[in-house]
Amino acid sequence: MNQKIIFLGFGIAAALGGTYIGTQFLFKSGHDNFIQHKRTVDFSLLKQKDTVLPVAIIGDGPAGASAALYTSRSDLYTVVFQGPKPGGLLTETSYVENWPAVGKELGSRIINNLRSQAQEHGAVFVPETIKSVDLRSWPYKLSNEDGQDIYALSVIIATGAVPRVLGAPGEKEYWGKGVTTCAICDAPFYKGRDVVVVGGGDSAVEEAAQLAPHVRSVTMLVRKDSMRASKASQQHLTSLPNVKVQYNTAIDEIIGDGKVVNKIRLLDTATKKTSEMPIDGVFLAIGHEPRTALFKDQLNIDENGYIQLKGRSQETSVEGIFAAGDVEDHVYRQAGVASGSGIKAALDAYSFLQSRGYTKQIQQQLQPKLYEPQAQKGTVIAINSLEDFKKEVANSPIPVVLDFWARWCPSCLRMLPVVELVAGRFEGKIKFVKVDFAQVPALAEQLQVAKVPALVVYKQGEVVARYFDVMNKSEMTEFLQQFIA
Ligand code: NDP
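Everything numeric here is computed off the predicted structure, so don't read it as measured data.

1. Considerations on the sheet that holds strand S13 (residues 243-246)
Working definition: the strands of a sheet are paired by backbone hydrogen bonds and lie parallel or antiparallel to each other.
Here is step 1: Strand order in the open sheet formed by five strands is S10-S17-S11-S12-S13, with parallel pairing between adjacent strands. Lying at the two open borders of the sheet, with one neighbouring strand each, are strand S10 (179-180) and S13.
Here is step 2: Strand direction decides the pairing type here: strand S11 (residues 194-198) and strand S12 (residues 217-221), joined by five bridges, are parallel. Paired with valine 198 across the strands is leucine 221, a residue of S12.
Here is step 3: Strands in contact with helix H5 (residues 202-211) are S11, S12, S13 and strand S17 (281-284); relative to S11, the strand with the most contacts, it is inclined by about 165°.

Here you go:
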């Protein structure tokens with residue numbers, strides 16, 4: 001086996017034009033038992049590539065961040081592409097009680113700690129989204145939002161899952177105007193109001209519990225005659241006096257006055273009778289879909305959209321490509337399991353690279369070609385009063401983007417670095433302003449912002465657009481392009 005490694009090692013060294021000698025490849029993989037690789041790659045391919053990455057991790061939830069901790073700790077240069085929702089779903093829950101050895105802790109804090117730990121070992125986290133991949137030949141091509149091609153020697157896919165939506169009439173029209181999937185972000189906007197939570201799983205119970213202290217009433221709409229949530233979750237519901245459960249009920253239509261939701265049409269799934277319910281907010285918690293569109297037709301994906309793995313490893317149907325977390329796990333779907341699978345994927349990636357003779361020395365030779373994210377941040381000023389608004393926004397000669405955020409809203413905190421990066425692209429053409437909702441609620445009301453994060457575009461003295469969701473860098477750039485001449 002070592003002979004082969006030496007041979008491949010020479011291949012890569014020669015390809016890089018270095019004076020590297022074979023003995024340096026005489027180390028043995030500690031993880032060879034996990035996966036067996038065909039050692040038939042042509043390393044001379046690296047010579048023609050400008051931007052190379054030993055380990056690319058797509059997604060930085062518990063799976064991606066844990067993988068980054070292990071690969072970077074093994075001295076493999078690792079870049080984590082955080083994607084459109086940095087931190088993943090764990091940042092949208094409040095407290096987590098079952099993260100081993102930690103006790104009760106905020107999901108967003110667990111993710112931040114995990115990320116910092118990986119960064120301490122050298123992992124680089126970048127708020128970029130990978131737009132396309134070509135996994136047909138090694139090294140694997142990943143294209144970022146700027147159209148730059150990055151050639152990865154190994155890839156860990158940890159793209160997680162996205163919340164499911166109903167597809168009911170009115171849902172799209174009133175998105176961010178009464179319809180949402182994030183109770184922790186939006187609960188404070190529904191103080192003293194009546195809301196429904198759709199779904200009967202653990203997430204739905206969690207949403208109801210997050211809403212209960214803020215709202216007047218929560219009605220959980222469960223389409224069957226029983227809930228899927230665990231016994232412990234259902235027990236928790238009984239301690240919330242303003243939460244009730246309505247079984248055999250589905251939403252047929254979401255109705256509003258053109259501005260905000262004010263009622264829903266319900267279907268009794270047992271009798272098929274419909275009825276109407278006046279309501280101020282609709283919180284969806286109906287499960288998630290694995291985020292695998294990027295890999296369609298390139299990896300083996302099952303009929304439910306989950307990436308398929310080989311045996312007990314995290315390796316996908318393509319050698320050197322690994323997957324971890326909700327993108328491949330339709331059984332356990334727990335943050336701790338995602339983290340463990342990320343660790344497995346990292347060990348598998350390490351083993352894969354070792355089997356190709358990849359060493360620290362080779363990494364050093366690759367240094368000039370290693371991908372280093374460019375982060376040119378622009379200016380984002382903070383406004384804290386209506387006077388600031390008049391001065392900085394109302395009288396601005398160029399369009400202004402107001403990013404409404406709140407300390408309690410994890411999606412908002414994830415958006416701020418993206419706004420800074422996009423501001424760098426529009427320097428002098430668009431002014432960027434961040435508004436802490438809690439500091440200037442009157443401004444939020446004036447500009448009809450009832451959900452955070454929210455982007456409001458102000459041009460020539462009036463609001464010309466509002467957007468109520470998380471955007472990645474390229475989506476935000478594209479969205480704002482229309483406002484400059
Ligand atoms: P689940 O898939 O467990 O539950 C989804 C719920 O939404 C079900 O009640 C389902 O109904 C309902 N539903 C699905 N589609 C529709 C629709 N179109 N209309 C109405 N209702 C619909 O998803 P969760 O996000 O709740 O949980 C995912 C995983 O994460 C689970 O394993 C869960 O245990 C875990 N989790 C754990 C937590 C914890 O431990 N604290 C917290 C949150 C999640 P039906 O049953 O009829 O299909």
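2. Brief notes about the site of the ligand
Here is step 1: In the vicinity of the ligand, 20 residues are found, and the nearest of them are Gly200, Asp202, Ser203, Arg223 and Arg228.
Here is step 2: One nitrogen or oxygen atom from the side chain of asparagine 98 is found 3.5 Å from an oxygen atom belonging to the ligand.
Here is step 3: When the ligand is considered free in solution it has 920 Å² of accessible area, and contact with the protein chains removes 80% of it.
Here is step 4: With three residues, H5 is the single largest residue contributor to the shell around the ligand.
Here is step 5: Residue composition of the shell around the ligand, grouped by class: five nonpolar, eight polar and seven charged.

3. Observations concerning helix H2 (residues 62-73)
Here is step 1: Here H2 spans 16 Å end to end across twelve residues, near enough to the 16 Å set by a 1.5 Å rise per residue.
Here is step 2: Counting buried residues in H2 gives ten out of twelve residues, a clear majority hidden from the surface.
Here is step 3: The set of residues buried in H2 consists of Pro62, Ala63, Gly64, Ala65, Ser66, Ala67, Ala68, Leu69, Thr71 and Ser72.
Here is step 4: Tucked inside the fold, the buried residues of H2 contact strand S1 (52-58), strand S2 (78-81), helix H3 (107-120), strand S5 (124-126), strand S8 (149-157) and helix H7 (335-355).
Here is step 5: After H2 finishes, the residue aspartate 75 shows a positive phi value of roughly 65°.

4. Re the pairing of strand S24 (residues 462-467)
Here is step 1: Sheet topology places strand S23 (residues 454-459) next to S24; five bridges connect them, and they run antiparallel. Note that in S24 the partner of leucine 455 across the bridge is tyrosine 467.

5. Considerations on the packing of aromatic side chains
To describe a pair of aromatic rings, you give the distance between the ring centres and the angle between the ring planes.
Here is step 1: Throughout the structure, instances matching the rule amount to ten aromatic pairs.
Here is step 2: An angle of 75° between the planes, with centres 5.2 Å apart, marks the rings of tyrosine 190 and phenylalanine 283 as edge-to-face. One end of the pair, tyrosine 190, is in the loop between helix H4 (183-186) and S11; the other, phenylalanine 283, is in strand S17, with 93 residues separating them in the sequence.
Here is step 3: The class for phenylalanine 283 is buried, based on a relative accessible area of 0%.
Here is step 4: Taken together, Phe189, Trp408 and Phe437 form an aromatic cluster joined through their ring pairs.
Here is step 5: Over the ring of tyrosine 151 we find lysine 49; its NZ or CZ atom is 4.3 Å from the centre of that ring.

6. Topic: the environment of glutamate 207
Here is step 1: Take glutamate 207: it is sitting in helix H5.
Here is step 2: With 20 residues separating them along the chain, glutamate 207 and alanine 187 place their C-alpha atoms 9.1 Å apart.
Here is step 3: Ignoring any residue separated from it by four or fewer positions in sequence, one finds glutamate 207 in contact with Thr181, Cys182, Ala183, Val197, Phe283, Leu284 and Ala285.

7. Some words on the side chain of serine 474
Here is step 1: Inspection of the secondary structure puts serine 474 in helix H12 (residues 473-481).
Here is step 2: You can call serine 474 buried: its relative accessible area is 14%.
Here is step 3: Serine 474 has contacts with Lys131 and Glu145, leaving out every residue within four places of it along the chain.

8. Topic: the pattern of salt bridges
Here is step 1: Summed over the entire model, instances satisfying the criterion amount to 19 salt bridges.
Here is step 2: Of the charged contacts in the structure, one is a salt bridge between lysine 473 and aspartate 146, with a shortest N-O distance of 3.5 Å. Placement of lysine 473 in helix H12 and of aspartate 146 in the loop between strand S7 (140-144) and S8 is noted, with a sequence separation of 327 residues between them.
Here is step 3: The exposure class of aspartate 146 is partly exposed, given its relative accessible area of 42%.
Here is step 4: As a salt-bridge pair, glutamate 253 and arginine 265 come within 2.3 Å of each other at their nearest N and O atoms. In this pair, glutamate 253 is assigned in strand S14 (residues 249-256) and arginine 265 in strand S15 (residues 261-268), connecting sequence segments twelve residues apart.
Here is step 5: Judged by its relative accessible area of 26%, arginine 265 falls in the partly exposed class.
Here is step 6: A cluster of three or more residues bridged by salt bridges with shared partners is formed by Glu128, Asp146, Arg425 and Lys473.

9. Here we look at the nonpolar core
Here is step 1: Membership of the largest hydrophobic core comes to 60 residues, with the highest contact counts inside it found for Phe81, Leu142 and Ile157.
Here is step 2: Setting aside residues no more than four positions away along its own chain, phenylalanine 81 makes contact with Leu53, Ala56, Ile57, Ile58, Gly59, Asp60, Val126, Glu128, Ile130, Leu142, Ile150 and Tyr371.
Here is step 3: In this structure, Phe283, Trp405, Leu416 and Val449 belong to the second largest nonpolar core, which totals 50 residues.

10. Observations regarding the confidence of the model for the protein
Here is step 1: When pLDDT is averaged along the protein, the result is 88, and 91% of the positions lie at 70 or above.
Here is step 2: Predicted confidence is poor over residues 1-35, with pLDDT under 50, and the contacts of this stretch with residues over four places away or in other chains come to 70 contacts.

11. Notes on the state of the cysteines
Here is step 1: Counted according to the given criterion, the structure contains two disulfides.
Here is step 2: Across the disulfide, cysteine 182 is cross-linked to cysteine 185 (sulfur-sulfur distance 2.2 Å). The sign of the S-S torsion, about 70°, decides the handedness of the disulfide formed by cysteine 182 and cysteine 185: right-handed.
Here is step 3: A relative accessible area of 4% places cysteine 182 in the buried class.
Here is step 4: Classification of cysteine 185 by relative accessible area gives buried; the value is 1%.
Here is step 5: By sequence order of its bonded cysteines, the protein has the disulfide arrangement 1-2, 3-4.

What counts, and at which threshold
Residues numbered from 1 in each chain as written. Predicted model: local features only at pLDDT ≥ 70, side-chain atom pairs only at ≥ 80, totals over all residues. Heavy atoms only, no water. Pairing = 2+ DSSP bridges. Helix = DSSP H or I, 4+ residues; strand = E, 2+ residues; numbered from the N terminus. Contact = heavy atoms within 4.5 Å. Axes fitted to C-alpha atoms, helices over the stretch in contact; angles between N-to-C directions. Near = heavy atom within 4 Å. Polar contact = N/O pair within 3.5 Å; in protein donor to acceptor, adjacent residues only side chain to side chain. Areas by Shrake-Rupley, 256 points an atom, 1.4 Å probe, with all protein chains shown as cover. Nonpolar A, V, L, I, M, F, W, Y, C, P; charged D, E, K, R; others polar. Expected span 1.5 Å × (residues − 1). Buried < 20%, exposed > 50% of the residue type's maximum accessible area, 1.4 Å probe, protein only. Phe/Tyr/Trp six-rings, centres within 6.5 Å; stacked < 30°, edge-to-face > 60°. Lys NZ or Arg CZ within 6 Å of the ring centre and 35° of its normal. Salt bridge = Lys/Arg side-chain N within 4 Å of Asp/Glu carboxyl O. Core = buried A, V, L, I, M, F, W, Y, C linked by side-chain atoms within 4.5 Å. pLDDT = per-residue confidence, 0-100. Disulfide = S-S within 2.5 Å.

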